[in-house]
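The lines below spell out each chain.
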Amino acid sequence: MNTLAIIGAQWGDEGKGKITDLLSQKADLVVRYQGGNNAGHTIVFGDTKVVLHQIPSGILHDHCTSVIAHGVVFEPEAFLQELEEIKPHTTVTPERLKISLNATVITSYHKLLDGLREDAAKNKIGTTKKGIGPAYEDKIGRRAVKVKDLLDREQLQARLEVMLSEKAHLFEHLYKSEFPPLQEELERLFALGQKIAPFVSDTFSFIDEAIKQDKKILFEGAQGILLDIDYGSYPYVTSSSTGYAGILTGAGVSTGQVEERLGIVKAYTTRVGAGPFPTELFVGIGEIIQEKGKEFGATTGRRRRCGWLDLPMLKYAVKASALTSIALTKVDVLSCLDQLEVCYAYEIDGKEYDCAYPGLDLEKVTPKYKKLSPFTDDFKQSGVYTTELQDYIDLIEKELGVPVGILAYGPERSEIDFRREYFV
Ligand code: GDP
Ligand code: IMO
Ligand code: MG
């Protein structure tokens, strides 16, 4: 097995960064295929914490090449800042970090528009205000700036003129907002282009060649399946294909080239931003989980909403991204709670559903809970669990029909059990 995808199976923040970092030890390439700096992937080793937003989570391993593929929306200024932040921890050269010449650029206009829309909206999505949605809109609308355009002043100017022709009206007349003049944005982006130029290349051919050479490739998803533009809880989603399908278009590979899909599942559920959340716990136990799990957004610092594990939602996620195994993270947070419940079905109009299929109105479903015996593991001995935790794992495996291949019980690199091998 040479190709493995890391896919968030809930509403993001499942611990993808930690798992990607660990599995990168065995990988030659780590590829980000969608999303942008709305992501916040945390890696903890010793007293050090690194949060990556656009740079793949394999970057801390010197043998690994990191690839930002063409499906990503790329913010050059934030990228350079991130590069500075990781300098104390690793040496980054153009051989070790590649940016696709066809990735879509997030400009000042996208960020501004994202913020203005959010502020003006009655039903706010609760976006990260990083310009993700507006940048993907321009990509699909065929008026985006691509990374390669940053290297050619004339081309960049032509692209910006097209992009701004409609947006100027929105800024001036709809939002009554000031916006950077085209010339200023042109100079800013062109200067950034000069700085990132050494990292820019044809990543499609690079990945293609790596596959031919039987290199080990890790595809690192951002966000999660329930935030996917097609599979997620629309309109409260991000603007990209976060799962399996996104890898094919976003990295430029075919189905046989993503042999395993490892879904990352937090032992409970969290969500940042607005949108339905059937198992949300508002006070009491929800606050305890939030506090114990330190559930604050790694990108925006917002408090994450917390709730019990949602099996109908996870069953749907397993189907939607053809997951082959899962990593169960943050089990330590549930350890020592004096109660433990899991949602096994939804009820709506007197009918019970054990899988969240797209026709169900998640705002209206009533979650049905099973009470379980809480567990009190201290995780001092690797791979040895209390009967109660083993029961929790068994229940998840039985209901989802896929094995729990990894169990994480703390933020630190070492706080992990591999219950099966990957990349063999
Ligand atoms: P990602 O976006 O999926 O990479 O996840 P985030 O980094 O946004 O959020 C996960 C948070 O949980 C981070 O602060 C991690 O350091 C932390 N974390 C990851 N795995 C575990 C775990 O097993 N236990 C605990 N307590 N924290 C974890
Ligand atoms: P990682 O990769 C959690 C959420 C936002 C908002 C919605 C749309 O760290 O798991 P956007 O800015 O993408 O247009 O916002 O998606 N969101 C995330 N939630 N983790 C993330 O990334 C997220 N990226 C976006 O909070 O609800
Ligand atoms: Mg995150």
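In what follows, the structure referred to is the one given above.
A short tour of the structure in this document, coming up. (Residues numbered from 1 in each chain as written. Chains lettered and ligands numbered in written order. Predicted model: local features only at pLDDT ≥ 70, side-chain atom pairs only at ≥ 80, totals over all residues. Heavy atoms only, no water.)

### Looking at the site of ligand 2
Ligand 2 sits among 20 residues. The nearest are K16, H41, T128, Q223 and T238. N38 is positioned such that a nitrogen or oxygen atom in its side chain is 2.9 Å from an oxygen atom of ligand 2. One nitrogen or oxygen atom from the side chain of T128 is found 2.5 Å from an oxygen atom belonging to ligand 2. Across the complex, the protein chains shield 97% of the 550 Å² of accessible surface that ligand 2 would expose by itself. Tallied by class, residues from the shell around ligand 2 come to seven nonpolar, 10 polar and three charged. (Near = heavy atom within 4 Å. Polar contact = N/O pair within 3.5 Å; in protein donor to acceptor, adjacent residues only side chain to side chain. Areas by Shrake-Rupley, 256 points an atom, 1.4 Å probe, with all protein chains shown as cover. Nonpolar A, V, L, I, M, F, W, Y, C, P; charged D, E, K, R; others polar.)

### As for the site of ligand 1
Around ligand 1 sit 20 residues, and of these G15, K16, G17, T42 and D332 come closest. Note that an oxygen atom of ligand 1 is positioned 3.1 Å from one of the backbone N or O atoms of G410. Isolated, ligand 1 exposes 580 Å² of accessible area, and the fraction of that covered by the protein chains is 92%. Put simply, the parts of the chain that give the shell around ligand 1 at least two residues each are α1 (16-24), β3 (41-45) and α11 (331-334). Looking at the shell around ligand 1, its residues break down into six nonpolar, seven polar and seven charged. (Helix = DSSP H or I, 4+ residues; strand = E, 2+ residues; numbered from the N terminus.)

### Structural notes on the coordination of the magnesium ion (ligand 3)
For the magnesium ion (ligand 3), the full set of protein donor atoms is D13 (OD) and G40 (O), and the range of their distances to it is 2.1 to 2.3 Å. Highlighted residues: D13 in the loop between β1 (3-8) and α1 and G40 in the loop between β2 (29-32) and β3, separated in sequence by 27 residues. (Donors = N, O, S within 2.8 Å, 3.2 Å for Na, K, Ca; no water.)

### Some points on helix α8 (residues 244-252)
Within the span of α8, buried status applies to Y244, G246, I247, G250 and A251. Down the axis of α8, the buried set is contained in an arc of 140°. They therefore lie on one face. Tucked into the core, α8 has its buried residues touching β1, β2, α7 (203-212), β10 (217-220) and β11 (260-266). (Buried < 20%, exposed > 50% of the residue type's maximum accessible area, 1.4 Å probe, protein only. Arc of directions from axis to C-beta. Contact = heavy atoms within 4.5 Å.)

### Some words on the sheet that holds strand β15 (residues 325-329)
Across the sheet, which stays open at both edges, the 10 strands sit in the order β9-β7-β5-β2-β10-β1-β11-β15-β19-β20 with mixed pairing between neighbours. Either end of the sheet is taken by a strand with one partner, and the two such strands are β9 (200-201) and β20 (416-418). Examined bridge by bridge, β2 and strand β5 (residues 65-68) share four bridges and lie parallel to one another. Across the sheet, residue R32 finds its bridge partner in β5, namely I68. Relative to β1, α8 is tilted by about 120°, and along the sheet it contacts β1, β2, β10 and β11. (Pairing = 2+ DSSP bridges. Axes fitted to C-alpha atoms, helices over the stretch in contact; angles between N-to-C directions.)

### Thoughts on the nonpolar core
By size, the foremost hydrophobic cluster in this structure holds 55 residues, and its most contacted members are F219, I289, L334 and L407. Of all the elements, helix α12 (residues 387-400) adds the most residues to this core, at six residues. (Core = buried A, V, L, I, M, F, W, Y, C linked by side-chain atoms within 4.5 Å.)

### Here's the deal with the packing of helix α5 (residues 153-174) against helix α6 (residues 182-196)
Remark: α5 packs on α6, axes separated minimally by 10 Å, with the N-to-C direction vectors making an angle of 135°. As summarised for this structure, α5 and α6 are arranged oblique, according to the angle between their axes. By crossing handedness, the relation of α5 to α6 is classed as right-handed. Contacts between α5 and α6 pair R153, L156, Q157, L160, E161 and L164 from the former with L182, Q183, E185, L186, E187, L189 and F190 from the latter. Here the contact of α5 with α6 is built from residues that sort into seven nonpolar, two polar and four charged. (Parallel < 35°, antiparallel > 145°, perpendicular 65-115°, else oblique. Left-handed = near helix turned anticlockwise from the far one by under 90°.)

### A closer look at the side chain of T238
Mapped onto the elements, T238 comes out in the loop between β10 and α8. In terms of polar contacts, T238 uses its side chain to reach the side chain of N38, at 3.3 Å. Setting aside chain neighbours within four positions, we find T238 in contact with N38, I132, Q223, L227 and I229.

### As for the pattern of salt bridges
What the rule picks out here adds up to 30 salt bridges. The salt bridge involving K368 is made with E352; its shortest N-O contact spans 4.0 Å. Pair noted here: K368 is in strand β18 (residues 366-372) and E352 is in strand β17 (residues 351-353), with a separation of 16 residues, a long-range link. Residue classification places K368 among the partly exposed residues on the basis of a relative accessible area of 24%. E352 sits in the partly exposed class, given a relative accessible area of 48%. Via salt bridges that share partners, D13, K266, E295, R304 and K330 belong to a single interconnected network. (Salt bridge = Lys/Arg side-chain N within 4 Å of Asp/Glu carboxyl O.)

### Some words on the environment of D62
Relative to the elements of secondary structure, D62 occurs in the loop between β4 (48-52) and β5. Taking the C-alpha atoms as reference, D62 lies 9.3 Å from Q25; in sequence the two are 37 residues apart. When neighbours within four sequence positions are excluded, D62 is seen to be in contact with T90 and R96.

### Thoughts on the pairing of strand β7 (residues 97-100)
The alternating pattern of β7 places L97 and I99 on one face and K98 and S100 on the opposite face, and all of these are buried. Note that β5 and β7 share three bridges and pair parallel. Along β7, the bridge assignment pairs V67 with K98. Examined bridge by bridge, β7 and β9 share two bridges and lie parallel to one another.

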